[in-house]
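Survey of secondary and tertiary structure
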Amino acid sequence: MIFRPLTQPPSPWNAMPDSQPPPSHSSSPSSSGPADPASLLLCGARLTDGRTVDVRLGGGRIEAVGTAGSLAADSTRACGARVDLSGYLLLPAPAEPHAHADTALSGEGEGPVSYDVQDVQRRATEAALLQVGHGATALRAHVRVGDVQGLGALAAVLQARRALRGLTELATVAMPRVLTGVAGADSLAMLRDAVKMGASVVGGCPDLDPDPTGYVQAVLEVASEHGCPVDLHTDATDPARLSRLAAMAGGLRPGVTLAPCGGLSRLPAETAGRTADQLAAAGVAVVCLPQGGCGGVERRGTAPVRLLRAAGVRVTAGSGALRDVSNPVGRGDPLEAAYLLASRHGLRPEDAYDAVSTSARAVLGLPEVRVEAGFPAELLAVRGDRLAGALSLAYSRIVVHRGRVVARTSAVREYCNSAATAESGLPRQGRGEVS
């Protein structure tokens, strides 16, 4: 996979090369007014309600949605470019609520993970581009501060965020290891410095601190001082500790998120249900990690998604580790997370996709996206005509961020010439023969 420099001209197709040409992308026909070079017309897209529509984008928002062909034929408004989405399902773009930017793509290296600033920046940038290619136009990345890393890893990820501007929104979570006692004094000061540097969320792993309750209290104080959200790692195996956390976090704005909470699945059903009710009453959201674990907790497992949803907890799904030592095969694909929620945890495809899109954006504090006029132009087009099929076989994707195509992935499947393919009428794509 090849990533071209982000300093190239902003063509929508500065993306990974593949063997299939992009969907039709052309200038608008002449009209009564000049074309807006910043506008984009998505033609012939299918929506989840079965309609086939044209969608006009401009100024980073959806300007209009009309029946197929209606906006293309509108002579009163010219568009700068068109993308033919015939055969594609158009969805609100996913968001990634739980990534680890400083350790991503480090699993194949020999020896300990390098926290050299250039190495971290390179890995964080490449990981974000992979996730953009999957469709995530917003990401929240946890970054360790203190210990050996100091603030160097955070500085590297913040530099990656600046380089990625225009391709994705990258928010960072400062994640100290210990915050209480003599050992935690320096880390607490460094946490405050991290927020001043640009970390927009305060996080960490209270389970690893000798005083988990004191750790949470320190995080909540720093978050309150700076008006930041809180995003904590916990396995959630101690219901009493979760109860105290919920009581402490209740009413905090802009909100508290916990992940991955796999330990809730190992608690007795009555205890887990009571804990879920307490989290819901406190407004605490849960990010589950159906694709695998992450370095923030020692044990794996997925939170009891249906139990939490039934209690009224906002549940979203993240990717966690992306090819680091915690999960060497992590893919960072939100559609795979949705697929697993549907296939393994029994959610309807619509609810599973909501967990990686609408609910994920809400947890990240981002505005809602609908394929309707006036909403942000954060969109994902996937080859297919039904959501269930898209979650199963979502290979070809077109990603729109701020009203601009920022990534495209095209997949071509070919079958060799044989009596079976001829008799069965199996599709053959591509321009050459397969021997």
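Residues numbered from 1 in each chain as written. Predicted model: local features only at pLDDT ≥ 70, side-chain atom pairs only at ≥ 80, totals over all residues. Heavy atoms only, no water.

Comments concerning helix 1 (residues 117-134)
- With 18 residues, helix 1 should reach 26 Å at 1.5 Å per residue; the first-to-last C-alpha distance of 26 Å fits that figure.
- Buried within helix 1 we find Val120, Arg123, Ala124, Thr125, Ala127, Ala128, Leu129, Leu130, Gln131, Val132, Gly133 and His134.
- Capping the start of helix 1, Asp116 holds a side-chain oxygen 3.1 Å from the backbone nitrogen of Gln118, two or three residues further along. (Helix = DSSP H or I, 4+ residues; strand = E, 2+ residues; numbered from the N terminus. Expected span 1.5 Å × (residues − 1). Buried < 20%, exposed > 50% of the residue type's maximum accessible area, 1.4 Å probe, protein only. Polar contact = N/O pair within 3.5 Å; in protein donor to acceptor, adjacent residues only side chain to side chain.)

Observations concerning unusual backbone geometry
- Cis peptide bonds are those with omega within 30 degrees of zero, and the linkage from Ala259 to Pro260 qualifies with -10°.
- The residue Pro260 is located in strand 12 (residues 256-260) in this model.
- With a phi close to 65°, Ala236 is a non-glycine residue in the positive phi region.
- Note that Ala236 resides in the loop between strand 11 (230-234) and helix 5 (239-249).

Let's talk about the nonpolar core
- Grouped together as the largest cluster of nonpolar side chains are 80 residues, with contacts concentrated most on Leu258 and Leu308.
- It is helix 4 (residues 212-226) that contributes the most residues to this core, seven residues altogether.
- With near-sequence residues (within four places) excluded, Leu308 lies in contact with Leu264, Ala276, Leu279, Val286, Ala303, Val313 and Val315.
- The next biggest cluster of nonpolar side chains, apart from the first, holds 21 residues, and it includes Ala81, Tyr88, Leu379 and Ala381. (Core = buried A, V, L, I, M, F, W, Y, C linked by side-chain atoms within 4.5 Å. Contact = heavy atoms within 4.5 Å.)

A look at the pairing of strand 17 (residues 404-409)
- In this structure, strand 16 (residues 397-401) lies alongside strand 17, joined through five bridges in antiparallel fashion. By the bridge assignment, Val399 is partnered in strand 17 with Ala407.
- A loop of two residues connects strand 16 with strand 17, the two strands running antiparallel in sequence, and Arg402 in this loop sits at a positive phi of about 55°. (Pairing = 2+ DSSP bridges.)

Looking at the packing of helix 4 against helix 5
- Where helix 4 contacts helix 5, the axes come no closer than 11 Å and their chain directions differ by 20°. In this view, helix 4 runs roughly parallel relative to helix 5, as classed from their interaxial angle. As for how helix 4 packs across helix 5, the hand of that crossing is right-handed. Here helix 4 contributes Pro212, Thr213, Val216, Gln217 and Leu220 to the contact with helix 5, which in turn contributes Arg241, Arg244, Leu245, Met248 and Ala249.
- Across the contact of helix 4 with helix 5, the residue classes break down as six nonpolar, two polar and two charged. (Axes fitted to C-alpha atoms, helices over the stretch in contact; angles between N-to-C directions. Parallel < 35°, antiparallel > 145°, perpendicular 65-115°, else oblique. Left-handed = near helix turned anticlockwise from the far one by under 90°. Nonpolar A, V, L, I, M, F, W, Y, C, P; charged D, E, K, R; others polar.)

Quick word on the environment of Ala338
- Positionally, Ala338 belongs in helix 8 (residues 334-343).
- Judged by its relative accessible area of 0%, Ala338 falls in the buried class.
- C-alpha separation for the pair Ala338 and Tyr353, spaced 15 residues apart in sequence, amounts to 5.3 Å.
- With sequence-adjacent residues up to four places away left out, Ala338 is seen in contact with Ala352, Tyr353, Val356 and Leu391.

Let's talk about the packing of helix 3 (residues 181-197) against helix 4
- One can describe the packing of helix 3 onto helix 4 by two numbers: an axis separation of 11 Å at closest approach and a directional angle of 30°. Between helix 3 and helix 4, the interaxial angle falls into the category roughly parallel. Of the two elements, helix 3 crosses helix 4, and the hand of that crossing is right-handed. Contact residues: Leu188, Leu191, Arg192, Val195 and Lys196 in helix 3; Ala218, Val222, Glu225 and His226 in helix 4.

Observations concerning the pattern of salt bridges
- Taken as a whole and assessed by the stated rule, the structure comprises 17 salt bridges.
- Put simply, Arg241 and Asp207 hold a salt bridge, and the shortest N to O gap is 3.1 Å. Here Arg241, found in helix 5, pairs with Asp207, found in the loop between strand 10 (201-204) and helix 4; they are 34 residues apart in sequence, far enough to count as distant.
- Its salt-bridge partner being Arg331, residue Asp333 comes within 3.7 Å of it at the nearest N-O pair.
- With relative accessibility at 41%, the residue Arg331 sits in the partly exposed group.
- When salt bridges with common partners are traced through the structure, they connect Arg309, Arg348, Glu350 and Asp351 into a single cluster. (Salt bridge = Lys/Arg side-chain N within 4 Å of Asp/Glu carboxyl O.)

Regarding the sheet that holds strand 9 (residues 169-176)
- The strand order 7-8-9-10-11-12-13-14 describes an open sheet built from eight strands, whose pairing is parallel. Of all the strands in the sheet, just strand 7 (96-100) and strand 14 (315-317) have a single pairing partner and so form its edges. Across the sheet, the axes of successive neighbouring strands diverge by a mean angle of 30°, strand direction being ignored.
- In this sheet, strand 13 (residues 285-288) lies alongside strand 12 in parallel orientation, the contact comprising two bridges. Looking at strand 13, one finds that Thr257 is bridged to Ala285.

Remarks on the environment of Gly107
- By the element assignment, Gly107 lies in the loop between strand 7 and helix 1.
- Spatially, the C-alpha atoms of Gly107 and Asn327 are 7.9 Å apart, while their sequence positions differ by 220 residues.
- Apart from residues lying up to four places away in sequence, Gly107 is in contact with Arg323, Asp324 and Val325.

A short note on the confidence of the model for the chain
- Confidence along the chain averages 86 in pLDDT terms, with 84% of residues attaining 70 or more.
- For the chain, strand 1 (residues 25-26) is the element with the lowest average pLDDT, namely 42, and strand 16 is the one with the highest, namely 98.
- Counting interchain partners and residues more than four positions distant, the pLDDT-below-50 stretch residues 1-35 has 72 contacts.
- Here residues 429-435 is a poorly scored stretch, pLDDT under 50, and it has 16 contacts once near neighbours within four places are set aside; other chains count. (pLDDT = per-residue confidence, 0-100.)

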